[in-house]
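# Working through the structure, step by step
What follows is the residue order along each chain.
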Amino acid sequence: MFVFNVFSEDMDTFSVNGRQVGGDPAIAAWGAGPTPLKYSPSGLQVPRTLNSSDGGGKFFNGTNSIVVKWSGRIGSFTVAIDGDLDPLFEDLALYVFQLHFYLLNSLGRVIQSGAVTAITL
């Protein structure tokens, strides 16, 4: 599963099911490509597993709890993955905006979208 930070600030932390993944920062701010200026979101590959019993820090089939932190703001949301519709071998992409998220399958179909519940620090 690929997670993309679609915001102009570094995503300081990215937590999946209670465990932080990524470095410091977890996912860098979006960057600029070569001239002419091209938008390019930064990404992170996060493991995907069949069962929640395999531990945190991975996406699994079912409801996944996500917590993100940018400078001065913490956001949370849940992502539901149905393994019957989107099996483990299929790549998924999660685009995280400051106030919204989109989960897409490898064909570009939006599987789920929703609000990121944000708390200003």
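Heads up: these notes are all about the structure in this document.

What counts and what doesn't
Residues numbered from 1 in each chain as written. Predicted model: local features only at pLDDT ≥ 70, side-chain atom pairs only at ≥ 80, totals over all residues. Heavy atoms only, no water. Pairing = 2+ DSSP bridges. Helix = DSSP H or I, 4+ residues; strand = E, 2+ residues; numbered from the N terminus. Core = buried A, V, L, I, M, F, W, Y, C linked by side-chain atoms within 4.5 Å. Buried < 20%, exposed > 50% of the residue type's maximum accessible area, 1.4 Å probe, protein only. Contact = heavy atoms within 4.5 Å. Phe/Tyr/Trp six-rings, centres within 6.5 Å; stacked < 30°, edge-to-face > 60°.

## Here we look at the pairing of strand β13 (residues 110-115)
Judged from the five bridges that link them, strand β12 (residues 100-104) and β13 form a sheet pairing that is antiparallel. Bridge pairing in β13 places L104 opposite V110. Counted between consecutive antiparallel strands, the loop separating β12 from β13 contains five residues, among which G108 sits at a positive phi close to 85°.

## Looking at the nonpolar core
Within the largest apolar cluster, 24 residues are counted, with the highest numbers of intra-cluster contacts made by F14, F59 and L94. For this core, the secondary-structure elements that each account for two or more residues are β2 (13-16), β9 (62-70), β10 (73-81), β11 (93-96) and β12. In contact with F14, not counting residues within four places along its chain, are V3, R19, Q20, V21, A26, L44, V46, F59, I66, V67, V68 and L94.

## With respect to the packing of aromatic side chains
According to the stated counting rule, one finds four aromatic pairs in the structure shown. Between F77 and F101 the ring centres are 4.4 Å apart and the planes differ by 15°, which places this aromatic pair in the stacked class. Here F77 is found in strand β10, whereas its partner F101 is found in strand β12, with 24 residues between them in sequence. For F77, a relative accessible area of 6% gives the class buried. When the ring of F97 is compared with that of Y102, the centres are 5.8 Å apart and the planes differ by 80°; the resulting orientation is edge-to-face. In this structure F97 comes out as partly exposed when scored by relative accessible area, which is 30%. The exposure class of Y102 is partly exposed, given its relative accessible area of 32%.

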